[in-house]
Amino acid sequence: MPSPSDSYIHIHHKNTDLYSLQELPESHTWTNINDNTLTYNNSEKGSNVNVPVIDLNDPNASKLIGHACKTWGVFQVVNHGVPLSLLDDIELVGLTLFSLPSQQKLKAARSPDAVSGYGLARISSFFPKLMWSEGFTILGSPLQHFRQLWPHDYNKYCGIVLQYDETMKKLAGKLMWVMLDSLGITKEDLKWAGSNSQFNEASAALQLNSYPSCPDPNRAMGLAPHTDSTLFTILYQNNIEGLQVKHDGSDGGSGWVTVPPLPGSLVINVGDLLHILSNGFYPSVLHRALVNRTRPRFSVAYLYGPPAHVEICPHAKLVGPSRPALYRPVTWDEYLGIKAKHFNKALSYVQLCAPSISNVCLM
Ligand SMILES: O=C(O)CCC(=O)C(=O)O
Ligand SMILES: [Fe+2]
């Protein structure tokens, strides 16, 4: 992942211990959270409003994933090959970390201009209200921070994180090819997949998220609406619902749809860089996390991106006279800089043409 200086703006950590509050403070009170919520497990006039669940071993996986990326920008994957014990292990790291006393966690606080460490959601600076969550970002080795958190046990927790990272990297490489295949892009068509076409040089970060139970969940926001600045994200959520994606309904309106936790499944969501690479065919999905009154929620996002030197642009195979390139080339580093300034408008800052008027270039 990119250099620290281009990460999200750091804001001072307000040391609010969410675990001890009996009432929602004004600083954390949001309005209109429950507007536009569609229900899942519901089919309206034959059109299914469930986020697709795809078996990675299905012979049709590529086609199904392509359809899911085009219509939803998100899907859940089962039979992904990641051992359930590893998902349990990473959850244990997160739960152990977030249940440390505040002063201990603050020893590993994300410092100004850094990406790694403990703190508020990195998107907090774009919103007037604070979110009901805390996070821990890992870029590279967590050793330094883990030593501060656990002077004795850091090796054990480091080992789990490294193993999780390695396993996700393999799965991400596999998913990358399935997604590219679904776009008609073959190994010969992509220059930057590296030796054995395994995306060994790909960059990634891990984001651990904790959402304590909340005294007033209908007016609190776990993680505010955003798209990820990744190629795609692999998300493990514990068995507590909270993740929602914005989806266009059959009536032309759009609303929030819950992504129900399925034990052992992983959520894959399209990020802004795959949106660009696919020339807008696979839209990055707006998503958010809600909280609840009784059950603490935990998630871990594997944020997957291209090697640092690679410029992502609409692939030549997806560009033609009837659909010119919609975006200019951009590295992950540069894109994160744009996102840090313009947040959810970032894509429009690298846009060349408007998709709806595809022949009219704006720049
Ligand atoms: O906790 C979740 O379900 C979502 C987390 C997320 O969107 C992120 O870390 O970018
Ligand atoms: Fe996200």
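Since the structure is predicted, the reported quantities are computational estimates derived from the model, not experimental observations.

Novice: Would you mind showing me how to read the coordination of the iron ion (ligand 2) here?
Specialist: When a metal holds four donors in a tetrahedron, each ideal angle between them is 109.5 degrees; when it holds six in an octahedron, the ideal angles are 90 or 180 degrees. Summarising the metal site, the iron ion (ligand 2) is bound by the protein donors His226 (NE2), Asp228 (OD) and His287 (NE2), whose distances to it range over 2.1 to 2.3 Å. Expressed as a motif, the donor residue spacing for the iron ion (ligand 2) is H-x1-D-x58-H. In this pair, the class of His226 matches that of Asp228, namely buried.

Novice: Explanation requested: the packing of helix H2 (residues 84-98) against helix H5 (residues 154-182) in the structure shown.
Specialist: Packed helices, taken two at a time, are described by the angle their axes make and the gap between the axes. Following both chains from N to C, one finds H2 and H5 inclined at 135°, their axes separated by 10 Å at the closest point. With respect to each other, H2 and H5 are oriented oblique. As for how H2 packs across H5, the hand of that crossing is left-handed. Contact residues: H2 offers Leu86, Leu87, Asp89, Ile90, Val93 and Thr96, while H5 offers Tyr157, Ile160, Val161, Gln163, Tyr164 and Thr167. Counted by class, the contact of H2 with H5 contains eight nonpolar, three polar and one charged residues.

Novice: How should I be thinking about the environment of Asp165 in this particular structure?
Specialist: For Asp165, the location among the structural elements is in helix H5. Sequence separation of Asp165 and Leu206 is 41 residues, and the distance between their C-alpha atoms is 7.7 Å. Residue contacts for Asp165: discarding those within four places in its chain leaves Leu206 and Tyr302.

Novice: It is not clear to me how the packing of aromatic side chains should be interpreted in this structure. Could you clarify?
Specialist: Describing an aromatic ring pair means giving the distance of the ring centres and the angle of the ring planes. All chains considered together, the criterion is met by ten aromatic pairs. With 5.6 Å between their ring centres and 85° between their planes, Phe127 and Phe343 make a pair best called edge-to-face. Residue Phe127 is located in the loop between strand E5 (117-119) and strand E6 (134-138), and its partner Phe343 is located in the loop between helix H7 (332-342) and helix H8 (346-349); the two are separated by 216 residues in the primary sequence. Judged by centre distance (5.9 Å) and plane angle (45°), the ring pair of Phe136 and Phe146 falls under tilted. A residue pair is termed long-range when its members are at least 10 positions apart, and Phe136 in strand E6 and Phe146 in helix H4 (residues 143-149) qualify at ten residues. Exposure class is identical for Phe136 and Phe146. Each is buried. Linked through ring pairs, Trp30, Phe126, Phe127 and Phe343 together constitute an aromatic cluster. In this arrangement the basic side chain of Arg323 is found over the ring face of Phe281, its NZ or CZ atom lying 4.0 Å from the centre.

Novice: Would you mind going over the sheet that holds strand E12 (residues 266-270) with me for this structure?
Specialist: Strands pair in a sheet through their backbones, by hydrogen bonds, and they do so in one of two ways: parallel or antiparallel. Strand order in the open sheet formed by eight strands is E3-E4-E12-E9-E14-E7-E6-E5, with mixed pairing between adjacent strands. The sheet is open, and its two edges are formed by strand E3 (53-55) and E5, each paired on a single side. Strand-to-strand twist across the sheet, computed as the mean angle between neighbouring axes with direction ignored, equals 25°. In this sheet, strand E14 (residues 297-305) lies alongside strand E7 (residues 203-211) in antiparallel orientation, the contact comprising nine bridges. When the bridges of E14 are listed, Asn209 appears paired with Ser299. Sitting on the sheet, helix H1 (residues 61-71) is in contact with E3, strand E4 (74-78) and E12, with an inclination near 160° to E3.

Novice: Can you walk me through the site of ligand 1 in this structure?
Specialist: Contacts to ligand 1 come from Gln207, Asn209, Tyr211, Leu223, His226, Asp228, Leu235, Leu243, His287, Arg297, Ser299 and Ala301. Here His287 contributes a side-chain N or O atom positioned 3.0 Å from an oxygen atom of ligand 1. Protein chains bury 94% of the 290 Å² of accessible surface belonging to ligand 1 in isolation. Looking at the shell around ligand 1, the elements with two or more residues in it are E7, strand E8 (223-226) and E14. Its residues assigned to classes, the shell around ligand 1 comprises five nonpolar, five polar and two charged.

Novice: Is there a simple way to explain the sheet that holds strand E13 (residues 287-289) in this structure?
Specialist: Pairing is antiparallel across the open sheet formed by four strands, whose spatial order is E8-E13-E10-E11. The open sheet terminates on both sides in strands that have one partner only, identified here as E8 and strand E11 (254-258). The average undirected angle you get between the axes of adjacent strands in this sheet is 20°. The pairing of E8 with E13 spans two bridges and is classified as antiparallel. What sits directly across from His226, in E13, is His287.

Novice: Help me understand the UniProt feature "domain: Fe2OG dioxygenase" (unreviewed entry) in the protein in this model?
Specialist: As annotated by UniProt and renumbered to match this structure, "domain: Fe2OG dioxygenase" (unreviewed entry) occupies residues 201-306. For residues 201-306, the end-to-end C-alpha separation is 8 Å, with 6% helix and 44% strand making up the annotated structure.

Novice: Just to check I follow, could you spell out the pairing of E14 for this structure?
Specialist: It is a general feature of regular strands that their side chains alternate between the two faces of the sheet. Among the nine residues of E14, nine are classified as buried, and the element is accordingly described as predominantly covered. Covered by surrounding structure in E14 are Arg297, Ser299, Ala301, Leu303 and Gly305 together with Phe298, Val300, Tyr302 and Tyr304, the residues of both alternating faces. Here strand E9 (residues 232-237) runs beside E14; their pairing, made up of six bridges, is antiparallel. Paired with Ile234 across the strands is Tyr302, a residue of E14.

Novice: Can you help me understand the pairing of E9 in this one?
Specialist: With six of six residues buried, E9 is to be regarded as a mostly interior element. Neither face of E9 is exposed, since Phe232, Ile234 and Tyr236 on one face and Thr233, Leu235 and Gln237 on the opposite face are all buried. For E9 and E12, the ladder comprises four bridges, and the chain directions are antiparallel. Within E12, the residue paired with Leu235 across the bridge is Val267.

Reading the values: the criteria
Residues numbered from 1 in each chain as written. Chains lettered and ligands numbered in written order. Predicted model: local features only at pLDDT ≥ 70, side-chain atom pairs only at ≥ 80, totals over all residues. Heavy atoms only, no water. Donors = N, O, S within 2.8 Å, 3.2 Å for Na, K, Ca; no water. Buried < 20%, exposed > 50% of the residue type's maximum accessible area, 1.4 Å probe, protein only. Axes fitted to C-alpha atoms, helices over the stretch in contact; angles between N-to-C directions. Helix = DSSP H or I, 4+ residues; strand = E, 2+ residues; numbered from the N terminus. Parallel < 35°, antiparallel > 145°, perpendicular 65-115°, else oblique. Left-handed = near helix turned anticlockwise from the far one by under 90°. Contact = heavy atoms within 4.5 Å. Nonpolar A, V, L, I, M, F, W, Y, C, P; charged D, E, K, R; others polar. Phe/Tyr/Trp six-rings, centres within 6.5 Å; stacked < 30°, edge-to-face > 60°. Lys NZ or Arg CZ within 6 Å of the ring centre and 35° of its normal. Pairing = 2+ DSSP bridges. Near = heavy atom within 4 Å. Polar contact = N/O pair within 3.5 Å; in protein donor to acceptor, adjacent residues only side chain to side chain. Areas by Shrake-Rupley, 256 points an atom, 1.4 Å probe, with all protein chains shown as cover. UniProt positions renumbered as here; feature names shortened; annotations may be inferred.

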